[in-house]
Amino acid sequence: MAYTTRQGFEMPKRELLTFDGNPLNYWLFINNFEVNIAKRVPDAETRLAYLIQHCIGKAREAIKNCAIISSPEQGYRKAQEILFHRFGQKHIIAHTHITKIVEGPQIKNRDVTGLSDLSVEMQNCALTLLQMGYEADVNSSDNLVKVVKCLPVHLQSKWADRAGSLNLAGTEPTFLDLAGFVEKALLANTTYEQIVGSTPDKEQNSKPPSKMRPSSSSSFLFWST
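Since the model is a prediction, treat every value here as computed from it, not as a measurement.

Our focus in this paragraph is the confidence of the model for the chain. Confidence in the prediction for the chain averages 83 pLDDT; 79% of positions are at 70 or higher. A low-confidence stretch, residues 212–225 (pLDDT under 50), is modelled with eleven contacts involving residues beyond four sequence positions or located in other chains.

So, in structure tokens, the structure goes:
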């Protein structure tokens, strides 16, 4: 028993998240709240107080009056319902994910940071909607076109080739296909960006020694560097 107690003290402190009403963070917050507070607090009145306390901004505004409901159980259930219906429904989360992706500026060529940010957003979007079983909106052709328009021009062309190959194989391109394409493009850019514009080894070895000064009789053959 002593070992178990000591081991518990050595555990890192649990992180309690707050929720500002951003649908992208709804499920992360709810899961965190259930594990760290709801399952450890025995009465509904205290759970409701903690829930209101850990909401901020428009999320708190939405549920703060639940505290005046005479029954704490009803107040807590009502607060949960409000948060879900306003911020946690699948179509709301999907729309927020897609909007965040397509409203960004078009990424310029060789902008590895911009491409990396887009890839992360697309992977998060794909993973979240896959877990919710709600891929319909994100797989619509209109949304795919909007995402493709955010890519650098040369990647738009390459994606057109990739999408054409999928169509010829009898498969409609999906958001997951596009997310994988962007991830591979990012990997290629990250791997080779350091050698873009570099001088081949043979050319470097053939350069004359630095600080060589031309003689008067051979100035048309050599230049100082």
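Looking now at helix H8 (residues 141–148). Listing the buried residues of H8 in full gives Asn143, Leu144, Val147 and Val148. The buried residues of H8 occupy one face: seen down the axis, they fall within an arc of 140°. In H8, those exposed residues whose orientation departs by more than 90 degrees from the buried face are Ser141 and Asp142.

The next subject is the side chain of Arg47. If you trace the backbone, Arg47 turns up in helix H3 (residues 44–53). There is no salt bridge for the buried Arg47, and the closest opposite charge comes from Asp43, which lies 6.5 Å off by N-O distance. When neighbours within four sequence positions are excluded, Arg47 is seen to be in contact with Phe33, Ala38, Val41, Pro42 and Tyr76.

Before going further, it helps to spend a moment on unusual backbone geometry. Although it is not a glycine, Arg110 sits at a positive phi angle of roughly 70°. Within the secondary structure, Arg110 is located in the loop between helix H6 (90–102) and helix H7 (112–132). Residue Arg110 is classed as exposed on the basis of its relative accessible area of 60%.

This part is about the environment of Lys108. Following the sequence through the fold, Lys108 ends up in the loop between H6 and H7. Given a relative accessible area of 67%, Lys108 falls into the exposed group.

All right, on to the nonpolar core then. The nonpolar side chains of a soluble globular protein tend to be buried with one another. Membership of the largest hydrophobic core comes to 28 residues, with the highest contact counts inside it found for Leu115, Met122, Leu151, Phe175 and Leu178. Here the element with the most residues in this core is H7; it accounts for eight residues. Of all hydrophobic cores here, the second largest spans 22 residues; its members include Phe29, Ile30, Ile37 and Phe87.

Let us now look at the side chain of Asn32. Turning to its location among the elements, Asn32 is positioned in helix H2 (residues 26–38). Leave out the neighbours within four places in its chain, and Asn32 touches Glu15, Leu16, Leu17 and Ile37.

The subject of this paragraph is the packing of aromatic side chains. Under the definition given, this model contains eight aromatic pairs. Ring geometry for Phe19 versus Tyr26: centroids 6.0 Å apart, planes at 70°, classification edge-to-face. Considered together, Phe19 and Tyr26 belong to a single accessibility category, that of buried residues. Look at Tyr26 and Phe84: their rings are 6.4 Å apart centre to centre, the planes differ by 55°, and that puts the pair in the tilted class. Placement of the pair is Tyr26 in helix H2 and Phe84 in helix H5 (residues 72–88), with a sequence separation of 58 residues. The aromatic ring of Tyr76 is capped on one face by Arg47, whose charged end is 5.0 Å from the ring centroid.

Analysis parameters
Residues numbered from 1 in each chain as written. Predicted model: local features only at pLDDT ≥ 70, side-chain atom pairs only at ≥ 80, totals over all residues. Heavy atoms only, no water. pLDDT = per-residue confidence, 0-100. Contact = heavy atoms within 4.5 Å. Buried < 20%, exposed > 50% of the residue type's maximum accessible area, 1.4 Å probe, protein only. Helix = DSSP H or I, 4+ residues; strand = E, 2+ residues; numbered from the N terminus. Arc of directions from axis to C-beta. Lys, Arg positive; Asp, Glu negative; His and termini not counted. Salt bridge = Lys/Arg side-chain N within 4 Å of Asp/Glu carboxyl O. Core = buried A, V, L, I, M, F, W, Y, C linked by side-chain atoms within 4.5 Å. Phe/Tyr/Trp six-rings, centres within 6.5 Å; stacked < 30°, edge-to-face > 60°. Lys NZ or Arg CZ within 6 Å of the ring centre and 35° of its normal.

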